[in-house]
Amino acid sequence: MARYTRTFFSALGLSAMLMAGGAQAEDGKKVSIVDDRGVTVEVPAQPKRIASISYFADDVALALGIKPVASTYMTAGREPDFLLGLTSGMKQIGQRAKPNLELLSEAKPDLIIAIRRYTVGNAAQLQNIAPYVAYNMELLEESYSETAALSMLLGKPERGEQLNADFRKHLAEYAAKAPKDVHPRFLIMWGGATPFAFHTENTSASIVAAIGGDNIPGPKSPGGEFGIDLSLETMLEKDPEVIFIYDSGPDRAHESNPIWSQLSAVKNNRVFYVGDQWVETNGPIAREIVLREAAHYLYPDTFPAIDVKAEAAKLIPAELQN
C-alpha cells in the first residue's frame, strides 16, 4: 500500500505546475490552454455555457457552483446520484461515446469539455460549435491536474486547488485508518462475457489500492491502456475477494458462466454493482464518494456505509440543489 500512496502524493505539485504554465495568454476575452491532446485552445476567459461530454465537467462545475447547460449520459434515462440528478436540468446530448453534435449545437455552448478518447475523431466538428478542450479522464494523477485546469478555466482556481488538497487529505486519512493486516484482492470491471478490468493506475482502482486493496490486474504496462480484457478463467486463478462491477444495465453475461459462482467474492456476497462515479471518477465529487464507498466495501467493520446523495450534497452548493 505504501508504494501506491507515495505515487499518489508525488502528484501533489502537478496541478500547481499546470496552473503556472497552462493559461498565460489572457487579454480579458480569451484564455489559452493546452489540453490532453497537446492542442492549444483559445477559450472564453469567463465561459457561461458549459457543455460536458462525460460527467467530468458536470462534476467539477457543480462543485464550483456552476451548472452546465448540456451533458452526455452514461446510461439513457438514468441521472447519476453522485450529481444529485442535476443533469436532468441540462440538455441531453447523447451517450458519452456517441455525442449528438446537432443537439450539442442547439445548446449554444461557449465551451465544450470532452473525454478525449471518444471525441478526437470529431475534433474539427466540435471546434466549429465552440472551443473544445479534451482530457484523458483515466488516471488518478490526471484527476488532480484536470480538476485544477478546469477550475482555472471556469474562473475559480483557488477552489479547484482546495478540492484537490481536501481529497489528498481524505485519501491519507482513510489509508491511515484502514486495517494494516489485510489487503483484500479486488477487481473493478465492466460486465460481459469477457469482462474489462481496470489497471491500478485507473482512478477508481488507484483509490481502492491506496487504502490497502490488492488489484488483481496489477499496474498497466508503460504506455499501455488503463484496462484489460480479463477472462473468467484468469479471474478464477487470481480469485478476487471483492468485485466492483459498473452497473450498466440488466445484461450480465458474466453471471451465466459457471466459473462465476466459483469466485470467492461471489461465494461471500462481496460483489457490488456500483454507480456512474466508479467510471467517471476524475471529478472532485466522484472521487470523494468512491473513496468512502470503497472503504466500506473493503472494510465494513471499520468504515460505515454511506448515502451517495447525502455525500454529494456536502460538495454541491445549496443554491444549485434547489
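In short, a report on the structure. Remember, it's a predicted structure, so these values are computed and weren't measured experimentally.

## Comments concerning the overall build of the protein
Looking only at helices and strands, the protein features 14 helices and 13 strands. Expected size for 322 residues packed as a compact globule is a radius of gyration near 20 Å; at 19 Å, the protein falls within 12% of this value. Dimensions of the protein along its principal axes, counting C-alpha atoms only, are 60 × 45 × 40 Å. Here the protein holds 322 residues, and 53% of them are scored as buried. Approximately 13400 Å² of the protein is accessible, and the part contributed by carbon and sulfur atoms is 49%. Computed over 31 positive and 40 negative side-chain charges, the separation of the two mean positions in the protein equals 2 Å.

## What to know about the pairing of strand β12 (residues 242–246)
Of all the five residues making up β12, five are buried; the element is thus mostly covered by neighbouring parts of the structure. Here β12 shows two buried faces, one formed by Val242, Phe244 and Tyr246 and the other by Ile243 and Ile245. Looking at chain direction, strand β8 (residues 185–190) and β12 are connected through five bridges and run parallel. Opposite leucine 187, over in β12, you have isoleucine 243 as the bridge partner. Bridge count between β12 and strand β13 (residues 271–274): four bridges; the pairing is parallel. Directly across from isoleucine 243, in β13, lies its bridge partner valine 271.

## Notes on the packing of helix α3 (residues 56–63) against helix α7 (residues 140–153)
Contact geometry of α3 with α7 gives a least axis separation of 10 Å together with a crossing angle of 60°. Here α3 is positioned oblique relative to α7, judged by the angle of their axes. Crossing geometry of α3 relative to α7 is assigned as right-handed. Of α7, the residues touching α3 (which contributes Phe56, Ala57 and Val60) are Glu146, Thr147, Leu150 and Ser151. For the contact of α3 with α7, the residue count by class is four nonpolar, two polar and one charged.

## A word on the pattern of salt bridges
A complete count under the given rule lists 12 salt bridges for this structure. Among the ionic pairs, arginine 117 bridges to glutamate 138, the shortest N-O distance being 3.4 Å. Placement of arginine 117 in helix α5 (residues 116–119) and of glutamate 138 in the loop between β7 (132–135) and α7 is noted, with a sequence separation of 21 residues between them. Take arginine 117: its relative accessible area is 28%, and that puts it in the partly exposed class. Arginine 292 is the salt-bridge partner of glutamate 288, the closest N and O atoms lying 2.7 Å from each other.

## A short note on the environment of glycine 227
Examined against the element boundaries, glycine 227 turns out to sit in strand β11 (residues 227–229). Overall, glycine 227 belongs to the buried group, its relative accessible area being 11%.

## Points about the nonpolar core
Residues Ile112, Ile113, Val133, Tyr135 and Ile285 are the most contacted members of the largest nonpolar core, which totals 57 residues. It is α3 that contributes the most residues to this core, six residues altogether. Setting aside anything within four residues of it in sequence, one finds tyrosine 135 in contact with Ile33, Asp36, Phe56, Ile113, Ala114, Ile115, Arg116, Glu146, Ala149, Leu150 and Leu153. By size, the runner-up hydrophobic cluster in this structure holds 30 residues, among which are Phe167, Leu171, Ala178 and Ile188.

Rules of the game
- Residues numbered from 1 in each chain as written.
- Predicted model: local features only at pLDDT ≥ 70, side-chain atom pairs only at ≥ 80, totals over all residues.
- Heavy atoms only, no water.
- Helix = DSSP H or I, 4+ residues; strand = E, 2+ residues; numbered from the N terminus.
- Rg over C-alpha atoms; globule rule 2.2 N^0.38 Å.
- Buried < 20%, exposed > 50% of the residue type's maximum accessible area, 1.4 Å probe, protein only.
- Areas by Shrake-Rupley, 256 points an atom, 1.4 Å probe, with all protein chains shown as cover.
- Lys, Arg positive; Asp, Glu negative; His and termini not counted.
- Charge placed at Lys NZ, Arg CZ, Asp CG, Glu CD.
- Pairing = 2+ DSSP bridges.
- Axes fitted to C-alpha atoms, helices over the stretch in contact; angles between N-to-C directions.
- Parallel < 35°, antiparallel > 145°, perpendicular 65-115°, else oblique.
- Left-handed = near helix turned anticlockwise from the far one by under 90°.
- Contact = heavy atoms within 4.5 Å.
- Nonpolar A, V, L, I, M, F, W, Y, C, P; charged D, E, K, R; others polar.
- Salt bridge = Lys/Arg side-chain N within 4 Å of Asp/Glu carboxyl O.
- Core = buried A, V, L, I, M, F, W, Y, C linked by side-chain atoms within 4.5 Å.

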